[in-house]
Amino acid sequence: MSDSTKIRRALISVYDKIGIVDFARALHDEFGIEIISTGGTAKALTDAGIPVTLVEDVTRFPEMMDGRVKTLHPKIHAAILADRDNPEHVHQLKKQGIEPIDMVVVNLYPFEKTIAQPDCTFEQAIEMIDIGGPCLLRAAAKNHRHVLVLSNSAQYRRTLRYLRNDEKTPGPDWPLWLMTKAFQATAPYDIAIHKHFAELYWEIPFTPMVFLRLGLSTPTPGNELRYGENPHQRASVYGVTGVRGGVVHARVFGNEDLFSFNNYADASAAMELCAELTRAQCGGPGGLKSAALYEGRGSNEEEPRASARPVSRDEGLSTPTHAAPPNEEPWASARPVPRPEQASLLASVFQEPDRNSPAWLLTWTTYGSWLPGDKRGFVSRRPTDSGGSAVRNIPGTPYDADQEDAEDAAKERMKGTPVSLTEAEAQTALEAFVEAANTHGIALIAVSIMSDHVHLLCQGEQDGTKLMQLFKGVSARRMSQAHALPDAPRWWTTSGSRRYIQKGSDPSSAVEYICEQKGALCNCWFGELSRIGTSQGRMTGQAEARGSSGTPTTEQTETRDVSHTRKTGRTEVRGSSSKSGSCAVCFIKHTNACGAAIGTDPTETYRKAYLGDPNAAMGGILAVNFNVDAEFAATVMETYQRWGKPLREAGHPAAPGAFFIEVWLAPSFDEKAVRIIRGEAEGKPQKAWGKRVRLLEVGDMSTEPDASEMDIKRIAGGVLMQGRDLVGLNEDEWKVVTERQPTEAETADLRLAWLICKHTKSNAITVCKDGMLLGNGAGQMSRVMSCRIATWLAKENGHEKMLKGAVAASDAFFPFRDGPDILADAGVTALIQPGGSKRDEDTIAACNERGIAMIFTGTRHFKH
């Protein structure tokens, strides 16, 4: 609300009159505000001795149609909607003899309370649909810079504090807050009306209010599924507006109508686990980078010991610098020298901007910086009197007198201290940006990393929000793996600036802006790669780095995969290859993993995942993180002949009787692969299940998840909402608590087990070895029973020998030592768990007695 606005007139029309008399009396007696009112509200105020001007005296028009028309008049709505800063609006008010209304106090007819009555008739429900009230609230909310809008009685007392400007005043953003609450009042009101009539008379599914708040799409006939978890239950599927990716938006090969409620639920679980394993494998230090370790490794090999303690800030990656030549710009002198193996990758990722494609200038800050009170200055979000632009303070100068409470409020919101990056941390962030760009086919144009913020100019097919989310997510994970996070909850703030540079525009000013940043710890752009070359044999410029013709050299071309093409507007970059790199394969049954493995060879990784529990794999969901080509498709179609049938012929007690899968997820499927699966390729056997399996092409699985998305769970009478569990391998918080440290091989398996356990229903115990899931004890009421089931399953499926030297993960702490004892009896030699039990010392003692290494992560992963 504009500071220059004085409240002279208030319109009060409420159905619920709790507190209204005292509030109106304060408005009149303390501030001399004229009260305009209607019907029953006017009577209540008059009876209390408060002077009231009737609405009909303002409009010169009587109430009509039993009160259906009272405030729907230009002299009311023009008085509310007029922009006081617009001279033409003010002139029109004076010309029509209309006095502005500066406050609107309205609450709505109790529609939901009325229809809850068992004897409520159609006519009674119709009469409880408020018309004028929502119109008044919406009009006042739209013009909130000049009009205070109150939509419930809980706002009366704080509004009086705001008007009195006392010590407990809500602050200058109170009008904006009231505006949001007004729309919060009108939105569910309309939903309640829609729900009542649609369900009662037409049996049309409705969209609950929570759907609107989460941006879920409205239902259409195409959203309905055949049935729910069981045939007697109705079910629908909804997509999130503006989100692309995931199982809802995946490309479907075949008949989409075949998808069931359970298919979607299991497919989502499969994708989330496979995607998390993919992101961990793509990570640097601490990720599942040891996939190659699993290929051909002997189970009895001695492995060097590896500590899980976090790397200190002093032990971070070294960042040598070089002095700038005399003619170089000042900002160039602080640039770090990349390691030699990075040179070609930098040259291939940093590209000259393509004017035929749009670009994004992204800016974000480190956690806790640029808040009120920061000595470097800050940006205020308070609207100005002259418009909606923010007030920008000059660094080092005092902030607005009107915002004296801003610094205290900012400190109250802070959890820890502001993050100020070191050179080593900035170097790690730059490496992460380069790797993310290379993986996702994004062209970097310029990057500048300061101690408290980042500027990044790039071109890619993703929008600015997704690009920022990707760069922030990948870099935060890499930095946490390489450096100890200071006393703060995260490296970056959750928000940032995304500036769109249109196709055809010249981005040179943006490049110049980034390159001229003072105090940059890292500064890199496409035209000056010579400045960041190695100290010996430095690159001499863009042409040499990319070949004399300006095209990528053979070495650089080899850094990009060649299996699945997607258009970027500049060049063709292909998705994950099934022939190289890190592979992840998951089998899911009832949202829990029954088979999972990581490795470097697709077929071997698939074999290990399938043999984890071949009986449970039958009829499950298969997810892989690489492109499915013809060779791999044939492998999966021959699963039973190659691995299942030999078990049966050998008389194995857990031999499967058949094999098929319900849903198969992958980033992409080659055309020939689809023909092989469907039994349409020459010389390939036909499988009945191959014709009906649902194939989902979900795209790149290494994309960082959206931290703003919410998990929803229905409970009796409502829903529970929570942020997603996106904590993965946060090894900076891990601590080895036993006398023995885990070996390198055990640490690699502990990482895998921890991530699989995170995606398993509680209580969960996950046993792994050599990059393979051996047994998963899921969803038990006691943790000790989950231990028994996990080890029993491993033995039942023929992995008893592999249990010797295996590792186990627990999603929550062990309350007693009985669980670890069961695992140790089976052969487990390393454990990972959150810790936090009153009897942690007993569990640690039990592990030390038996030579078991154990890590406390400090993070619990309950899943219900």
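Sequence order as written defines residue numbering, which begins from 1 separately in each chain. Where local features are concerned, this predicted model is filtered to residues with pLDDT of at least 70; where side-chain atom pairs are given and counted, the filter is 80 or more; whole-chain, interface and lining totals use all residues. To obtain the side-chain values, all non-hydrogen atoms of the structure were included, while hydrogens and water were left out.

Trainee: I keep staring at the overall build of the chain and nothing clicks. Help me out?
Mentor: Helix and strand definitions here come from DSSP, where helices need a minimum of 4 consecutive H or I residues and strands a minimum of 2 consecutive E residues; each element is numbered from the N-terminal end. The helix and strand tally for the chain stands at 30 helices and 28 strands. Considering the chain as a whole, with its 864 residues, one finds that 52% of them fall into the buried category. Contacts are assigned to residue pairs with any non-hydrogen atoms lying within 4.5 Å of each other. For the chain, restricting intrachain contacts to residue pairs at least 6 apart in sequence, the fraction spanning at least 24 positions comes to 68%. With residues, only the protein chains shown are counted as cover, and all accessible areas are computed by Shrake-Rupley using a 1.4 Å probe. Put simply, the chain shows about 40,100 Å² of open surface, and 51% of that area lies on carbon and sulfur atoms. Each residue gets one of three labels from its accessible area relative to the maximum for its type: buried under 20%, exposed over 50%, partly exposed in between, using a 1.4 Å probe on protein chains only.

Trainee: Looking at this structure, how should I read the confidence of the model for the chain?
Mentor: Within the chain, residue pLDDT values average 77, and 75% of them lie at 70 or more. A residue's pLDDT is the predictor's confidence in that residue, given on a scale from 0 to 100. In the predicted structure, residues 289-342 sits below a pLDDT of 50 and forms 122 contacts with residues beyond four places in sequence or in another chain.

Trainee: Any chance you could explain a nonpolar patch on the surface here in plain terms?
Mentor: Each patch is built from residues lacking any salt bridge and having more than 30% relative accessible area; the joining distance is 9 Å for like charges and 5 Å for nonpolar side chains (Val, Leu, Ile, Met, Phe, Trp, Tyr). Salt bridges are defined by distance alone: a side-chain nitrogen of Lys or Arg within 4 Å of a carboxyl oxygen of Asp or Glu. A contiguous nonpolar surface patch, about 310 Å² in accessible area, is contributed by Met710, Ile712, Val719 and Met721. Mapped by element, the contributors of at least two residues to the nonpolar patch are strand 21 (710-715) and strand 22 (718-723). As for its position among the elements, Val719 is in strand 22.

Trainee: Quick question: what am I supposed to make of the packing of helix 23 (residues 630-637) against helix 24 (residues 639-649) here?
Mentor: For any two helices packed against each other, one specifies the inter-axial angle together with the distance between the axes. Between helix 23 and helix 24, the shortest axis-to-axis distance is 5 Å and the interhelical angle comes to 35°. Residues Thr635, Val636 and Met637 of helix 23 form the contact with helix 24, whose own contacting residues are Thr639, Gln641, Arg642 and Trp643. With axes taken as lines fitted to C-alpha atoms, and helix axes fitted only over the stretch in contact, angles between N-to-C directions fall between 0 and 180 degrees.

Trainee: When you look at the side chain of Arg740 in this model, what are you seeing that I'm missing?
Mentor: Checked against the element boundaries, Arg740 lands in the loop between strand 23 (735-736) and helix 27 (744-758). For Arg740, a relative accessible area of 18% puts it in the buried group. Looking at Arg740, its side chain comes within polar contact range of the main-chain oxygen of Thr829, at 2.6 Å. Side-chain atoms alone can form a polar contact between residues adjacent in sequence; in general such a contact is a pair of N or O atoms within 3.5 Å, and within protein one must be able to donate a hydrogen while the other accepts it.

Trainee: Would you mind going over the nonpolar core with me for this structure?
Mentor: In globular proteins that are soluble, nonpolar side chains generally tend to be buried together. Counting residues in hydrophobic clusters, the biggest one holds 61 residues, and the most contacted among them are Phe587 and Trp664. In terms of residue count, the dominant contributor to this core is helix 23 (six residues). With near-sequence residues (within four places) excluded, Trp664 lies in contact with Leu622, Val624, Val628, Phe632, Ala633, Val636, Phe669, Ile677, Val693, Arg694, Leu695 and Leu696. Nonpolar cores were defined as sets of buried Ala, Val, Leu, Ile, Met, Phe, Trp, Tyr and Cys residues, with membership established by side-chain atoms within 4.5 Å. Judged by nonpolar contacts, the second largest core, of 52 residues, contains Ile33, Leu45, Val147 and Ala192.

Trainee: Is there a simple way to explain the environment of Glu127 in this structure?
Mentor: In this fold, Glu127 is placed in helix 7 (residues 122-127). Given a relative accessible area of 41%, Glu127 falls into the partly exposed group.

Trainee: Would you mind showing me how to read the packing of aromatic side chains here?
Mentor: Under the pairing criterion, centres of Phe, Tyr and Trp rings, with the six-membered ring standing for Trp, must be within 6.5 Å; the plane angle then separates stacked pairs below 30 degrees from edge-to-face pairs above 60, leaving the rest tilted. Scanning all chains against the criterion turns up 15 aromatic pairs. Ring-pair connections join several aromatic residues into one group, and the members of that group are Phe587, Tyr606, Tyr610, Phe626, Phe632, Trp643, Phe659, Trp664, Phe669 and Trp689.

Trainee: I tried to follow the pairing of strand 25 (residues 772-777) on my own but got confused; where do I start?
Mentor: A regular strand places its side chains so that they alternate between the two faces of the sheet. Taken across its six residues, strand 25 has six buried, putting it largely inside the fold. Here strand 24 (residues 765-769) runs beside strand 25; their pairing, made up of five bridges, is antiparallel. Along strand 25, the bridge assignment pairs Lys769 with Met772. Hairpin geometry of strand 24 and strand 25 is characterised by an intervening segment of two residues between the two adjacent antiparallel strands and by a positive phi of about 55° at Asp770. In this description, strands pair whenever DSSP reports at least two bridges between them.

Trainee: Where do I start with the packing of helix 28 (residues 783-796) against helix 29 (residues 818-826) in this structure?
Mentor: Packing of helix 28 against helix 29 brings their axes to within 8 Å, and their N-to-C directions diverge by 10°. Comparing the axis directions of helix 28 and helix 29 gives the class roughly parallel. Helix 28 and helix 29 meet at a crossing whose hand is right-handed. Contact residues: Val784, Cys787, Arg788, Thr791 and Lys795 in helix 28; Asp818, Gly819, Ile822, Leu823 and Ala826 in helix 29. Residue polarity follows a fixed list, in which Ala, Val, Leu, Ile, Met, Phe, Trp, Tyr, Cys and Pro are nonpolar, Asp, Glu, Lys and Arg are charged, and the others, Gly among them, are polar. When grouped by side-chain class, the residues that make up the contact of helix 28 with helix 29 number five nonpolar, two polar and three charged. Should an angle fall under 35 degrees it is taken as roughly parallel, and over 145 as roughly antiparallel, whereas 65 to 115 is taken as roughly perpendicular and any remaining angle as oblique. Here a crossing is taken to be left-handed if its near helix is turned anticlockwise relative to the far helix by less than a right angle, and right-handed if that turn runs clockwise.

Trainee: It is not clear to me how the sheet that holds strand 11 (residues 453-459) should be interpreted in this structure. Could you clarify?
Mentor: Two pairing modes exist for strands in a sheet, parallel and antiparallel, and in both the strands are linked by backbone hydrogen bonds. Reading across from one edge, 12-7-11-10-13 is the order of the five strands in this open sheet, with antiparallel pairing throughout. One side of each edge strand has no neighbouring strand; the edge strands of this open sheet are strand 12 (497-501) and strand 13 (522-525). Adjacent strand axes in the sheet meet at a mean angle of 15°, parallel and antiparallel pairs treated alike. Pairing between strand 7 (residues 359-365) and strand 11: six bridges, direction antiparallel. Bridge pairing links Trp364 to Val454 in strand 11. Helix 16 (residues 423-440) contacts strand 7, strand 10 (443-449), strand 11 and strand 13 of the sheet and is inclined by roughly 165° relative to strand 10. Strand contacts of helix 18 (residues 508-515): strand 7, strand 10, strand 11, strand 12 and strand 13, with the helix running at about 150° to strand 11, the strand carrying the most contacts.

Trainee: Would you mind going over the pattern of salt bridges with me for this structure?
Mentor: It is possible for side chains of opposite charge to pair when their charged atoms get near one another. Scanning the entire structure with this criterion turns up 22 salt bridges. Glu431 is the partner of Arg478 in a salt bridge, and the nearest nitrogen-oxygen pair spans 3.6 Å. With Arg478 in helix 17 (residues 464-482) and Glu431 in helix 16, the pair connects residues that are 47 residues apart, well separated along the chain. The exposure classification of Arg478 matches that of Glu431, with both residues buried. Residue Arg850 is joined to Asp825 by a salt bridge in which the shortest nitrogen-to-oxygen separation is 2.5 Å. Placement of Arg850 in the loop between helix 30 (840-849) and strand 28 (853-856) and of Asp825 in helix 29 is noted, with a sequence separation of 25 residues between them. The exposure class assigned to Asp825 is exposed, which follows from its relative accessible area of 52%. A single salt-bridge network, built from bridges that share partners, covers Arg817, Asp821, Asp825, Glu849 and Arg850.

Trainee: So what exactly am I meant to see when it comes to the sheet that holds strand 4 (residues 103-107) here?
Mentor: In space, the five strands of this open sheet follow the order 3-2-1-4-5, with parallel pairing throughout. Since the sheet does not close on itself, it has two edges, and those belong to strand 3 (53-54) and strand 5 (148-150), each with one partner. Of the strand pairs in this sheet, strand 2 (residues 34-37) and strand 3 are connected by two bridges, and their pairing is parallel. Bridged to Ser37 within strand 3 is Leu54.

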